[in-house]
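Spelled out, the chains give:
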Amino acid sequence: MSERPDIVPIGQVPELGVVPKKMHAWVIRPERFGEPTKSFQTEEMPVWDLAPGEVLVQVMAAGINFNAIWAGLAKPVDVLKGHGQGFHIAGSDASGVVWAVGPGVTDHKVGDEVVLHCNHLLYPGTNDLQTIWGYETGDGSFAQFTKVQGQQVLPKPPQLTWEDAASYGLTYYTAHRMLVDRAKLQPGEDVLIWGAGGGLGVFAVQLAKMMGARAIAVVSSDDKAELCMQLGAHGVINRKEFPGLQYKDDMNAEELAKHKADLKGFGKRIWDILGERKGPDVVFEHVGKATFPASVFLAAKYGRIVICGATTGFDLNFDVRHLWMRQKSIIGSHFADADSASRANRLMIQGSVKPVMTRLFTWDEIAESHQLMYENKLHGTVSALVGAPRPGLKNLEETRAAIANS
């Protein structure tokens, strides 16, 4: 085996299993908390040492998610205080190659081509308490090497490029957990999907179609509406046609009247799309404060509102009479465990569900990519190249050939 190098340039890959002493990484530190173009800076960092049960992965591409923005803003919580390492490398999605394994790892070997799920167990083997790798831990994928628990490692779909394979994990596994495991969506049911053109929504639409349900996609633009119909939505609603729909604190009498009118108009639009006077059996929620009152109101009798987050606010205010009088349910869902992620990944390997890559960034554009996401200028799922020297590569052999010919 070759001598251990000090560091390898971005776009180069050392000999398989040779771990450099340092790595290039995008790093967040407390003194530069703020928007992504401020909080993200490149640094040279030591490559991680491995504890028992851990795996070191050479990152080929990394997915872009909103949780890295939260980490850089230190809102709603300062995650650096939580993990205590004084700096933060974000990134909760990756594709790459197993480069080293820690003591006790027997189900993965150096050279395996993999994707990663972000359910990081606090105490592996003893309970199911979890944190989100790359958010609540500081050893994420925006670096040449990342460190994960062995249970986070899944086989990479061989038909996908590195960048496509890196784009789907966090959002797709979350959507699968919400609809399949928690809401238990059934064939013939109807599901209302907020933010259907976004990272979670594009997979919720595909899953609903695959499961024999009808998806009503709520979007904010014509291009997102077209995308959702291509993915299998039964119908779409542009929420901008109903400007008073979203809930706001301290609405005056005029605003409240507009809110109620748009809420009823939105419900009527659902009836028109479904061709019957009924609401959705399942509401796919992740927006929170702005939409949750509507979700509870709009759901059908015995309907389920499944929620995994609250991007517009966590303090929810809704008329609980609609909940108890029509016997609806609110179901919480938090990412996915290893079994759920593995089952979802098999659908991706089989081609039953596909990534929806709308944009690819380079290593140098990682801060910019998060800034665009922060400004709501991206849709679908996006990723960035890390170790892969160019787009379109699917495995280590192709990657080495591309590096040799560059």
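Please refer to the structure placed before this passage.
What you see is a predicted model; the values in this text were computed from it and never measured.

Calculation criteria
- Residues numbered from 1 in each chain as written.
- Predicted model: local features only at pLDDT ≥ 70, side-chain atom pairs only at ≥ 80, totals over all residues.
- Heavy atoms only, no water.
- Salt bridge = Lys/Arg side-chain N within 4 Å of Asp/Glu carboxyl O.
- Helix = DSSP H or I, 4+ residues; strand = E, 2+ residues; numbered from the N terminus.
- Buried < 20%, exposed > 50% of the residue type's maximum accessible area, 1.4 Å probe, protein only.
- Disulfide = S-S within 2.5 Å.
- Contact = heavy atoms within 4.5 Å.
- Pairing = 2+ DSSP bridges.
- Right-handed = clockwise from strand over helix to strand, strands pointing away.

Chemist: What exactly am I supposed to notice about the pattern of salt bridges here?
Modeler: Proximity of charged atoms lets side chains of opposite charge pair with each other. What the rule picks out here adds up to 23 salt bridges. Here Glu54 makes a salt bridge to Lys147, at a shortest N to O gap of 3.6 Å. In this pair, Glu54 sits in strand E3 (residues 54-63) while Lys147 sits in strand E8 (residues 145-149), placing the two residues 93 residues apart along the sequence. The shortest N-O distance in the salt bridge between Asp181 and Arg343 comes to 2.9 Å. Within this pair, whereas Asp181 is found in helix H5 (residues 169-182), its partner Arg343 is found in helix H11 (residues 338-350), the two being separated by 162 residues in sequence. Assessed through its relative accessible area of 16%, Asp181 is described here as buried. Each member of the salt-bridge network shares a partner with another, and the members are Arg177, Asp181, Asp337, Asp339 and Arg343.

Chemist: Mind showing me how you'd approach the state of the cysteines here?
Modeler: Here is the idea: a disulfide is a covalent bond, and it sits between the sulfur atoms of two cysteines. The final tally for this structure, using the stated rule, is zero disulfides. Cys308 provides the cysteine sulfur closest to Cys118, a residue in no disulfide bond, and the two sulfurs are 11 Å apart. Residue Cys118 is classed as buried on the basis of its relative accessible area, which comes to 0%. The thiol of Cys228 is not disulfide-bonded; the next cysteine sulfur, from Cys308, is found 16 Å away.

Chemist: Help me understand helix H6 (residues 201-210), please; the structure alone is not making it clear to me.
Modeler: Note: α-helices contain 3.6 residues per turn, so residues at a spacing of three or four share the same orientation. Across the ten residues that make up H6, a large majority, eight, are buried. When we look at burial in H6, the residues that qualify are Gly201, Val202, Phe203, Ala204, Val205, Gln206, Leu207 and Ala208. With its phi angle positive at about 80 degrees, Gly212 sits one or two positions after the end of H6.

Chemist: Help me out: how do you make sense of helix H2 (residues 66-73) in this one?
Modeler: Three or more residues of H2 are buried, namely Asn67, Ala68, Ile69, Ala71 and Gly72. Next to the buried residues of H2 lie helix H1 (36-39), helix H3 (79-83), strand E7 (130-132), H5 and helix H12 (366-374). Looking one or two places after H2, you find Ala74, whose phi comes out positive at around 60 degrees.

Chemist: Mind showing me how you'd approach the side chain of Ser295 here?
Modeler: In this structure, Ser295 sits in helix H9 (residues 292-298). On the accessibility criterion, Ser295 (0% relative accessible area) is buried. Non-local contacts of Ser295, meaning those with residues more than four positions away in its chain, are made with Trp194, Val283, Glu285 and Ile305.

Chemist: Any chance you could explain the pairing of strand E10 (residues 190-193) here in plain terms?
Modeler: The side chains of a regular strand alternate between both faces of the sheet. Both faces of E10 are covered, namely the face carrying Asp190 and Leu192 and the face carrying Val191 and Ile193. In terms of strand pairing, E10 meets strand E11 (residues 214-219) through four bridges, oriented parallel. Paired with Val191 across the bridge in E11 is Ala215. Viewed along the sheet, the connection from E10 through H6 into E11 turns out right-handed. By the bridge criterion, three bridges tie E10 to strand E13 (residues 282-285) in an arrangement that is parallel. Across the sheet, Leu192 pairs through a bridge with Val283, a residue of E13.

Interpretation in functional terms is not warranted from these geometric data alone.
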